[in-house]
Each structure stands twice: as structure tokens, then as C-alpha cells.
Amino acid sequence: MPLPFEKPMDELEARIRDMRAYAEDQHVDLSSEIVALERRLESLTRDTFTNLSRWQRVQVARAPGRPTALDYLGSVVEGFTELHGDRALGDDPALVAGVAKLGEIGVVVLAQQKGRDTKENIHRNFGMAHPSGYRKALRMFDLADKFKLPVLSLVDTPGAYPGIAAEEQGQAWVIAACIQRMSRLRVPAVSVIIGEGGSGGALALAVANRVLILEHAIYSVISPESCAAIRWRDAAEAPSAAEALKLTAEDLLEQGVVDAIVEEPVGGAHKDPAGAIEAVRQAVEAEIEELRRVPSDELARERRERFRRMGRFLEAN
Amino acid sequence: MALERWFRRKRPTRGDDDASPKGLWLKCSGCHAQIYRKDLIANLFVCPECAHHERMPVEARVAMLSDEGTFERWSGRVAPTDALGFVDTEPYVERLEAVQKKSERLDAVVTGAAELDGVPVALAVMDFGFLGGSMGSVVGEEIARVAERAADEARPLISVAASGGARMQEGALSLMQMAKTTVALEALAQRRLPYISVLTDPTTGGVTASFATLGDMVIAEPGALICFAGPRVIQQTIKQDLPEGFQRSEFLLSKGMLDDVVPRAALKARLATLVRLLRAGLDGEPGDGAAPPVPLAREVSLAGAGGAGSGLGSVRGGVRVDADEAARALDAIGAGADDVDGGQGSGDERDDDGNVGEESRSRATSV
Ligand SMILES: [Zn+2]
């Protein structure tokens with residue numbers, strides 16, 4: 001189903017499809033008309049996507065059909081081997097962990113996985129991890145340090161799960177522990193925000209040397225809906241909240257929260273998953289290639305400094 | 001606008017306090033008993049009837065934890081700025097201005113050096129009355145600085161949290177403070193200096209999920225709401241009733257999340273005991289050269305903060321904290337003790353809490 005602002009493009013696509021079918025059926029040459037329509041489609045898509053409001057960007061970040069973390073893992077790394085369980089309470093399918101090869105280098109991979117359909121969404125808890133998921137991540141950070149495996153994390157979550165068990169099992173505690181443990185890694189760490197970077201639950205996996213974000217992904221302290229409910233006392237004000245929160249890739253680059261933006265194919269990653277996945281693969285490979293030469297002490301120090309600098313304030317003279 | 005609203009809300013209360021004998025009495029938010037204001041203050045804002053721990057003004061907390069005349073304030077050199085131009089039903093700058101005037105503080109935390117039962121320590125005390133104690137760039141920076149300076153001066157750090165979480169008006173920059181405060185604690189860890197975190201009512205969201213739960217020991221006051229997501233958010237998510245005592249200190253103690261729950265009257269002595277014990281290991285006193293100090297970076301990013309020339313003078317409202325906060329002892333607090341209700345009626349609390357998960361909890365109110 002197209003997003004509301006995708007309707008004109010969707011209609012144009014349908015017309016192109018019809019024309020192709022007609023041309024084939026009737027053995028007539030409509031190629032110049034089709035090419036013209038395709039050009040129009042591309043420029044319309046480009047125009048639409050360069051002028052999206054922040055709220056529309058949020059919708060793209062959550063669009064059905066947008067590649068999920070596991071879709072990326074199929075091509076960004078080779079031979080991904082999942083490692084299950086936190087060794088205490090269970091295995092959290094919302095946070096997938098494992099080892100793989102990135103080019104010639106072995107890496108530890110952490111990925112927040114949303115579902116690709118309703119059934120998988122329920123299985124994955126819509127990408128909202130419980131403490132068990134974060135405990136599994138803690139175990140992976142240890143593994144990464146022990147065997148000098150760089151860490152790649154793919155961030156895509158509405159947030160850490162807010163539930164009774166999650167609170168009882170120390171959701172806040174494990175998120176804090178993840179932030180601390182990841183900041184101490186002595187191997188390169190690269191995070192890519194591929195969809196929704198939802199608050200502390202996202203940050204727990206994004207204390208990296210390089211934090212990349214996909215062009216239409218978002219990263220925010222709170223969802224626009226919750227922000228609207230609290231600050232406007234009206235969840236329907238989510239579009240206003242999205243504007244106020246400055247949560248787009250460009251906003252975050254300007255704030256110094258992310259280091260680089262990975263461009264998506266025209267029309268968004270959901271229109272061309274393979275293109276988006278390849279763009280991420282190249283970006284991640286380039287970052288790891290650069291970071292692998294940096295000594296361990298330096299990696300940890302640089303990462304600490306990266307986050308120590310965060311924030312804006314006025315200073316007394 | 002903000003100021004008018006503030007005055008409308010505050011004036012009648014002030015008037016009552018000054019003129020009417022009714023203002024001398026407070027209603028306990030636990031047992032609803034009428035308590036003589038001076039008794040409540042003398043009892044560290046703990047109800048003498050039911051031992052309910054009311055929220056405590058920052059100055060009273062500092063006075064309670066510091067040996068007399070030893071507190072030296074470190075915080076107050078950095079001021080918040082509206083980096084995002086955030087406007088909801090009211091501009092963030094106006095909210096800031098109003099609360100700065102009211103609290104005579106630049107932001108929601110006070111830090112400094114003190115002696116605690118004769119032990120030199122660094123203190124960080126959060127102010128829930130200041131935009132719900134929410135953590136933006138300034139709170140993050142003050143926490144980072146107090147950790148680093150404590151490490152430099154070989155002082156253990158004690159933080160007292162009270163916060164609705166990250167300050168959403170500062171967007172992702174406030175989220176980043178969770179990581180900033182966490183990495184700054186490394187300065188203490190590298191020198192093996194104790195960091196004890198005290199959680200008070202309420203400690204929620206991004207503060208719970210960062211420095212406040214990373215203490216070598218984590219202690220809570222009785223009955224405090226401590227959580228990641230607030231009860232309201234959880235209830236909306238799961239659509240069931242929450243268990244009795246859910247997310248309160250005693251509940252979390254039973255779940256293994258806290259080292260202990262310590263009544264306010266015993267807190268100072270407990271902290272002194274723990275700090276002394278942690279410094280009595282086989283290597284003698286850490287921080288005295290036992291562990292090689294590893295220098296951490298100290299640069300401060302002021303990008304977009306108005307440039308190098310912008311000092312506090314450029315802060316709208318230009319509020320400054322009194323130089324000598326130590327002088328604000330319990331008695332002084334008592335004089336202005338509408339901090340107890342803090343102008344934070346339960347309605348406004350939600351407005352001010354700065355985070356997702358905050359429930360509105362009734363507080364002691366003037367009767
Ligand atoms: Zn009482």
C-alpha cells in the first residue's frame with residue numbers, strides 16, 4: 001500500500017504498466033511514450049521526496065516493504081551465523097545477534113529486527129527488545145573484544161519494550177549497561193540507523209565510532225506520537241511534534257549526532273531494497289576499512305570523545 | 001506569557017504562606033495527615049505520621065548530605081540554549097526562562113564538593129522542580145563535569161537522581177546525554193573512585209537508563225518511582241492493571257535491581273559507611289596514585305551555541321544562582337518551602353516532566 005503522498009507516483013506507475021501491457025498485447029510501439037512517462041515518474045518522485053515534511057519522513061522510515069535488518073544482513077555481510085540467547089532468561093527475537101564476514105574480516109553483528117509481515121512482527125515484537133535482548137548484546141560485546149571482531153549494529157526499533165516483565169528485569173539497567181559496554185569496545189564499531197532509531201533502546205546499540213543513518217531513517221529521543229501526547233496533550237499533533245523534534249537524517253547530521261548519511265534510491269529504500277542494501281554495504285565496508293587501522297586504545301578513546309562532545313549549551317566566560 | 005502564567009499560579013500560594021496561618025500546614029501526600037510545615041522540614045521532608053518520603057528541595061538535599069559549611073558549588077557555569085528552536089504549546093525558551101527565574105538556577109542539577117561525615121566527596125543533586133528534572137545538554141554536561149572533576153580531585157561521586165528522563169525539547173541531543181554522562185563516568189572508574197547513585201522519587205527514562213543506574217552501588221529512597229517507561233505508558237501498552245507497588249523502590253529491591261532501600265534519615269550515614277569501605281581495600285585508597293590516571297578529553301562543543309563570545313550574559317532572563325548555595329540550609333528552605341508543592345501540581349507535572357513515562361503523582365499540598 002502506498003504512503004499517502006505516494007499516490008500520484010503510484011498512479012503513474014500503474015499507467016506505465018498498463019501501457020506496456022497494451023503495447024505487448026496489440027503489438028504496437030509505445031516505447032517513446034513509455035520513456036516519457038518514466039521520466040515524468042522519476043522527476044515527480046525526486047521532487048516529492050526532496051520536499052517531504054518531517055512527518056512524511058517518519059512515514060517513509062516506517063514504510064511497509066522497507067528492508068529490515070535481516071534483509072541487509074543477507075548482502076551486507078557474508079555467511080551470517082546467528083547466535084542465540086542471553087544465558088540467563090531466554091532469547092529475544094527482536095534483537096538478532098551473530099557473527100559474519102565483512103569482506104575478509106570477521107565481525108559481530110547486532111540487528112534490531114522488525115517483522116516483514118504481521119506474523120513476523122508479532123514474533124519480533126515489532127523490533128522492541130526486552131532486557132534479554134540487550135543482555136545478549138552485552139555478551140556479544142565481550143565476544144567482539146575477546147576475538148578482536150569489529151561490531152556492526154543495524155538500528156531499527158520504535159524503542160525498548162515498555163512492559164511489566166521488561167521493567168522487572170531491569171530495562172533501564174541493561175540499556176545503561178549496553179551504552180557503557182559498547183563505549184568501552186576495543187574494536188571498531190559502526191552503527192547504521194536503517195529505519196527508526198527509537199530513543200534509549202536504539203542508543204544502546206549505537207555507541208559506535210561511526211554512526212551512519214539512511215537518508216529517510218529517523219533518530220529521536222521520543223516518538224512524535226508520544227511527544228505530541230505529552231507536550232500537546234494530543235497524539236494527533238504528531239506531525240507538529242515531528243517538526244519540533246528535528247529527527248531527520250539532515251537534522252541529525254547538523255546536530256552532530258550522526259557522522260554521515262547513506263543515500264537511498266529515488267523514492268526510498270522500500271522502492272528499491274537491493275539498491276539501499278548495496279549502498280549500506282559500501283558505506284559500512286568503507287568505514288570498517290578506515291577504522292581497522294586505528295589502535296584499540298585510540299578506538300575506545302575516540303568513541304568516548306565522540307559522545308563526550310555531544311550537546312549544545314552556553315558557557316560562562 | 002510563561003511568566004504571567006507562573007505568577008497567576010504562584011501568587012495565591014505565596015499569599016497563603018505569608019499571610020494565612022493555613023499555609024503553615026501541609027497535607028501529606030501519603031496519609032493525608034495535616035503536618036506542621038516546620039515539622040516536615042525538620043524531619044527531612046518525611047511525614048512524621050506515615051514515613052512517606054516527600055520530594056525534597058535541592059538545597060535541603062545538599063544541606064542534608066554535606067557537613068555544615070563544607071559545600072562548594074561547582075555547577076552553574078553552563079546554561080541551556082534552544083538548539084532546535086523547539087515550540088510546542090509554548091516556546092522552550094519561555095519555559096526555560098520562567099523556571100530559571102522561579103528556581104534561581106540555570107538548569108536542573110546542582111553539583112559541587114562537600115564533606116560527607118568527614119569524607120571529601122563530589123555531589124550531584126537533580127532538581128525535579130526544574131522542568132521535571134529532565135536531562136538536556138546542560139544537565140548532561142554538569143554530570144560529566146562533576147564526574148571528571150571528582151576524578152581529578154580524587155573524590156568519590158554521589159549523585160541523587162530525580163528526573164522525568166531526557167528533555168525532549170532538545171531532541172536527539174538530549175538522548176545523547178545518556179551516552180555522554182556514561183562515558184564521563186569512566187574518569188572515576190579508571191581511578192577506581194567510588195560512584196554511588198541514589199535514586200529518589202521519581203527517577204525515570206533516560207536518566208534511569210544511563211548514569212543513575214551505573215553506580216558501583218545503587219540505592220533508592222523508600223517508595224520512589226523508578227522506571228524506564230512510566231506506569232501510564234505501560235498501562236497503555238499492555239492494557240492491564242499494574243501489580244501492587246510496581247516500579248517502586250521496594251519492588252525493585254525484591255527484583256534484584258537495587259543494592260538497598262535506605263530511609264532518608266539514614267542515608268548520609270549509609271553513604272559514608274559505603275564510601276569508606278570501598279576505599280579500604282587491599283590497595284589502600286584508590287585515587288591516591290594506586291591506579292594510573294588515564295586522561296580523558298575535555299573539549300566542549302559550543303558549535304551553534306552562540307559562538308565563543310556568548311557567556312551567561314546572553315542567556316535570556318540572565319538568572320544566576322547565588323554564589324553561596326551552602327548558606328541555603330534547611331531553615332532557609334523552610335522560608336520558601338512552597339518547593340514542597342513546588343508549583344508542580346499534578347496537572348502541570350505532566351507538562352514539566354520532560355519525558356514519556358512520567359506519571360503524575362500527588363505531592364504534599366498546602367492546605
Ligand atoms: Zn503521611
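Everything numeric here is computed off the predicted structure, so don't read it as measured data.

### As for the overall build of chain A
Then step 1. From N to C terminus, chain A includes 14 helices and nine strands.
Then step 2. Here the C-alpha atoms of chain A give a radius of gyration of 21 Å, agreeing with the 20 Å that 2.2 N^0.38 yields for 317 residues.
Then step 3. For chain A, the proportion of its 317 residues judged to be buried stands at 58%.
Then step 4. Considering only contacts in chain A between residues 6 or more positions apart, those separated by 24 or more positions represent 72%.
Then step 5. Entry remark: accessible area of chain A is about 12600 Å², with carbon and sulfur atoms responsible for 51%.
Then step 6. Of the side chains in chain A, 40 bear a positive and 49 a negative charge, and the two mean positions are spaced by 6 Å.

### Some remarks on the pattern of salt bridges
Then step 1. If you walk through the whole model with that rule in mind, you get 51 salt bridges over all chains.
Then step 2. The salt bridge partner of Glu 287 of chain A is Arg 210 of chain A, with a shortest N-O separation of 3.0 Å. Placement of the pair is Glu 287 of chain A in helix H13 (residues 273–291) and Arg 210 of chain A in strand E6 (residues 210–214), with a sequence separation of 77 residues. Both residues of the pair, Glu 287 of chain A and Arg 210 of chain A, count as buried.
Then step 3. With its nearest N and O atoms 3.5 Å apart, the salt bridge here joins Arg 248 of chain B to Asp 201 of chain B. Of the two residues, Arg 248 of chain B sits in the loop between helix H9 (231–238) and helix H10 (249–254) while Asp 201 of chain B sits in strand E8 (residues 195–203), which places them 47 residues apart along the sequence.
Then step 4. A relative accessible area of 17% places Arg 248 of chain B in the buried class.
Then step 5. It is possible to trace a salt-bridge network through shared partners that takes in Arg 308 and Glu 315 of chain A together with Glu 141, Arg 145, Glu 148 and Lys 180 of chain B.

### Some points on the coordination of the zinc ion
Residues and elements named next belong to chain B.
Then step 1. Protein coordination at the zinc ion comes from Cys 28 (SG), Cys 31 (SG), Cys 47 (SG) and Cys 50 (SG), with a distance range of 2.2 to 2.4 Å.
Then step 2. Taken together, the four donor atoms coordinating the zinc ion span angles of 106 to 112° at the metal, a pattern that classifies the geometry as tetrahedral.
Then step 3. Sequence positions of the donors to the zinc ion reduce to the motif C-x2-C-x15-C-x2-C.
Then step 4. The exposure class assigned to Cys 28 is buried, which follows from its relative accessible area of 1%.
Then step 5. The partly exposed category is assigned to Cys 31, whose relative accessible area is 33%.

### Overview of the interface of chain A and chain B
Then step 1. Across the contact, 52 residues belong to chain A and 84 residues belong to chain B.
Then step 2. Carbon and sulfur atoms make up 64% of the surface buried where chain A meets chain B, a total of about 6100 Å² over both sides.
Then step 3. Summed over the shared surface of chain A and chain B, the result is six salt bridges.
Then step 4. Taking the shortest distance from any N to any O, the salt bridge between Glu 141 of chain B and Arg 308 of chain A comes out at 3.0 Å.
Then step 5. Applying the counting rule to chain A against chain B returns 16 residue pairs in polar contact (both at pLDDT 80 or more).
Then step 6. Tallying contributions element by element places helix H8 (residues 171–183) of chain A first for the side of chain A that touches chain B, with nine residues.

### Description of the domain arrangement of chain A
All names here are of chain A.
Then step 1. The domain architecture assigned to chain A consists of domain 1 (4–51) and domain 2 (58–308).
Then step 2. Taking only C-alpha atoms into account, the centre of domain 1 sits 35 Å from that of domain 2.
Then step 3. At the interface, nine residues of domain 1 touch eight residues of domain 2.
Then step 4. When domain 1 packs against domain 2, the two sides together hide about 630 Å² of surface, and 64% of this comes from carbon and sulfur.
Then step 5. Interface area lost by domain 1 to domain 2 is led by Phe 5, Glu 6 and Phe 49, which between them contribute 58%.
Then step 6. Ionic pairing is found between Glu 13 and Lys 271, a salt bridge with its closest N-O pair at 3.5 Å.
Then step 7. Put simply, domain 1 and domain 2 have two residue pairs in polar contact (both at pLDDT 80 or more) between them.
Then step 8. Elements supplying a minimum of two residues to the side of domain 1 that touches domain 2: helix H1 (7–26) and helix H2 (31–50).
Then step 9. Considering only residue class, the side of domain 1 that touches domain 2 consists of three nonpolar, one polar and five charged.

The rules behind the values
Residues numbered from 1 in each chain as written. Chains lettered and ligands numbered in written order. Predicted model: local features only at pLDDT ≥ 70, side-chain atom pairs only at ≥ 80, totals over all residues. Heavy atoms only, no water. Helix = DSSP H or I, 4+ residues; strand = E, 2+ residues; numbered from the N terminus. Rg over C-alpha atoms; globule rule 2.2 N^0.38 Å. Buried < 20%, exposed > 50% of the residue type's maximum accessible area, 1.4 Å probe, protein only. Contact = heavy atoms within 4.5 Å. Areas by Shrake-Rupley, 256 points an atom, 1.4 Å probe, with all protein chains shown as cover. Lys, Arg positive; Asp, Glu negative; His and termini not counted. Charge placed at Lys NZ, Arg CZ, Asp CG, Glu CD. Salt bridge = Lys/Arg side-chain N within 4 Å of Asp/Glu carboxyl O. Donors = N, O, S within 2.8 Å, 3.2 Å for Na, K, Ca; no water. Tetrahedral: all angles 85-135°; square planar, octahedral: opposite > 155°, others 65-115°. Buried area = accessible area lost by both parts, 1.4 Å probe. Polar contact = N/O pair within 3.5 Å; in protein donor to acceptor, adjacent residues only side chain to side chain. Domains from an automatic or database assignment. Nonpolar A, V, L, I, M, F, W, Y, C, P; charged D, E, K, R; others polar.

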